[in-house]
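Okay, here's what each chain looks like letter by letter:
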Amino acid sequence: MQAYQNSKVQRGCGVVSMSRWVPLQAELGNFQERRTIYVFALKVSLQSVLFSLLLVVSVLPALSWCGWLQMPLPQSIKLGILLSWLIGGVVSGVLAIVTGHSIHEICVSRAEFERLSRTDTLSGLFNRRAFAEALSTVAGNASLVIFDVDRFKAVNDRYGHAAGDAVIIAISSQLSLIFKDNAVTGRLGGEEFGVLVHGASVAERIARIEAAKALICSTGIATACGEINVTISAGIADFEAERGPEAVYAAADNALYLAKALGRNRVVHESERHSAVSCHLRGSEEVAFAHSAECLVEPPRYQFGT
């Protein structure tokens, strides 16, 4: 796409082409590379020289015919060509380099701003906005998993917020390594993380998520108060035809709610909700658990995309 846009612009000429080319290149980010600055300066110089030569060839014969030249036409043309290179080429080339460096700084600053606006500062993962954008573009053959650190408030209360931050950073790093291929990872807020797992079968994706949970739960996290261990729970929902991202998010959030209700430190797929409820209906607990099961169909605790 970028090459196509560049080729369209390069077919233009003169001031109109350059006025469209500069903002388009800034938009595409080519000026983040310094080499592009010198290519830009070379093109500007060549265009300036060609324009000057065209002007010399067009105007000087007419001036000579009118008798307005102070020297013979051949000498005037030679002088015009020399001035074309000196003024049109060198001066415009230098100005183009200066302009290119300014555009380069703008592009670098813009790219850094865009990166920061989409990145959670503590974890280094996508923030909620960026993750919601990724979620809205999923076409199918993927699952959304929402991870939540179990009893995270107790970690903060017992070890302090610095230890809580260490837990968030450590889990973020592990999730990034585990889901570095065919996946998008983000921090949804607080101790909650989202992962879009693409490809393979549903069973294989669930196995991958189970392995991630097991690894995180079995790995000690170094803090200023010593090494601590935490557990996580996860809820999974699958993308299907004619099912919007909001519905997938709500289903994953409900599955996570069930994982918490069943004792935490577990992974629950959305298909397990009804079977898990029926398996835990026992005697006098049936009514109470049925009531809790009804809560699972409530709207998600966090609204999608907010």
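About the criteria used
- Residue positions are given per chain, counting from 1 as you read along its sequence in written order.
- With pLDDT at 70 or above as the cut-off, local features in this predicted model cover only qualifying residues; side-chain atom pairs require 80 or more to be listed or tallied, and sums for whole chains, interfaces and linings still use all residues.
- The side-chain values count all of the structure's non-hydrogen atoms but skip hydrogen atoms and water molecules.
- Here a helix means four or more residues in a row that DSSP labels H or I, a strand means two or more in a row labelled E, and each is numbered from the N terminus.
- Here the term buried applies to any residue with accessible area under 20% of the maximum for its type, exposed to any over 50%, and partly exposed to those in between, with areas from a 1.4 Å probe on protein chains only.
- A score between 0 and 100, pLDDT records how confident the predictor is in each residue.
- Here, two residues are considered to be in contact whenever any of their heavy atoms come within 4.5 Å of each other.
- Fitting a line to C-alpha atoms yields each axis, with helices limited to the stretch in contact; the angle taken between N-to-C directions then spans 0 to 180 degrees.
- Left-handed describes a crossing whose near helix is turned anticlockwise from the far helix through less than a right angle; right-handed describes the clockwise counterpart.
- Each residue gets one of three labels, nonpolar for Ala, Val, Leu, Ile, Met, Phe, Trp, Tyr, Cys and Pro, charged for Asp, Glu, Lys and Arg, and polar for the others, Gly among them.
- Criterion used throughout: strands pair if DSSP finds at least two bridges between them.
- By this rule the span expected of a helix is its residue count minus one, scaled by 1.5 Å.
- What the arc covers is the set of directions going from the helix axis to the C-beta atoms.

A closer look at unusual backbone geometry
- Notably, Arg151 is not glycine yet its phi reads approximately 50°, a positive angle.
- Turning to its location among the elements, Arg151 is positioned in the loop between strand E1 (142-149) and helix H6 (152-159).
- Look at Arg151 and you get exposed, because its relative accessible area is 53%.
- The backbone phi angle of Asn182 is positive, close to 55°, even though this residue is not glycine.
- Its place among the elements puts Asn182 in the loop between helix H7 (161-178) and strand E2 (183-189).
- A relative accessible area of 56% means that Asn182 is categorised as exposed.

Considerations on the confidence of the model for the protein chain
- The predicted model of the protein chain has a mean per-residue pLDDT of 77, with 74% of residues at 70 or higher.
- For residues 1-18, every residue scores under 50 in pLDDT, and the model assigns this stretch 16 contacts once sequence neighbours within four places are set aside.
- Ignoring residues within four places in sequence, the model shows residues 281-302, a span with pLDDT below 50, making 28 contacts including any to other chains.

Notes on the packing of H7 against helix H8 (residues 202-218)
- Two elements in contact, H7 and H8, have axes whose closest approach is 11 Å; the angle formed by their N-to-C orientations is 145°. The element H7 and its partner H8 pack so that their crossing is right-handed. Only Arg208, Ala212, Leu215 and Ile216 of H8 make contact with H7, whose side of the interface consists of Ile171, Gln174, Leu175 and Ile178.
- Here the contact of H7 with H8 is composed, by residue class, of 6 nonpolar, 1 polar and 1 charged.

A closer look at the sheet that holds strand E3 (residues 192-198)
- Read from one edge of the open sheet, 5 strands run E2-E3-E1-E6-E7, paired in mixed fashion. Each edge of the sheet is formed by a strand with only one pairing partner; in this case those strands are E2 and strand E7 (267-269). The average angle at which neighbouring strand axes cross in this sheet is 20°, direction not considered.
- Helix-sheet contacts for helix H9 (residues 245-261) involve E1, E2, E3, strand E6 (232-238) and E7, and the interaxial angle to E6 is about 145°.

Description of H8
- Taking 1.5 Å as the rise per residue, H8 with 17 residues should run 24 Å; its terminal C-alpha atoms sit 24 Å apart, in good agreement.
- Among the residues of H8, Arg205, Ile209, Ala212, Lys213, Ile216 and Cys217 are the ones counted as buried. Buried residues of H8, seen end-on, are gathered within an arc of 125° and therefore sit on one face of the element. Projecting away from the buried face of H8 at angles above 90 degrees are the exposed residues Ala203 and Ser218.
- Looking at the buried residues of H8, the elements they touch are E1, H7, E3, E6 and E7.

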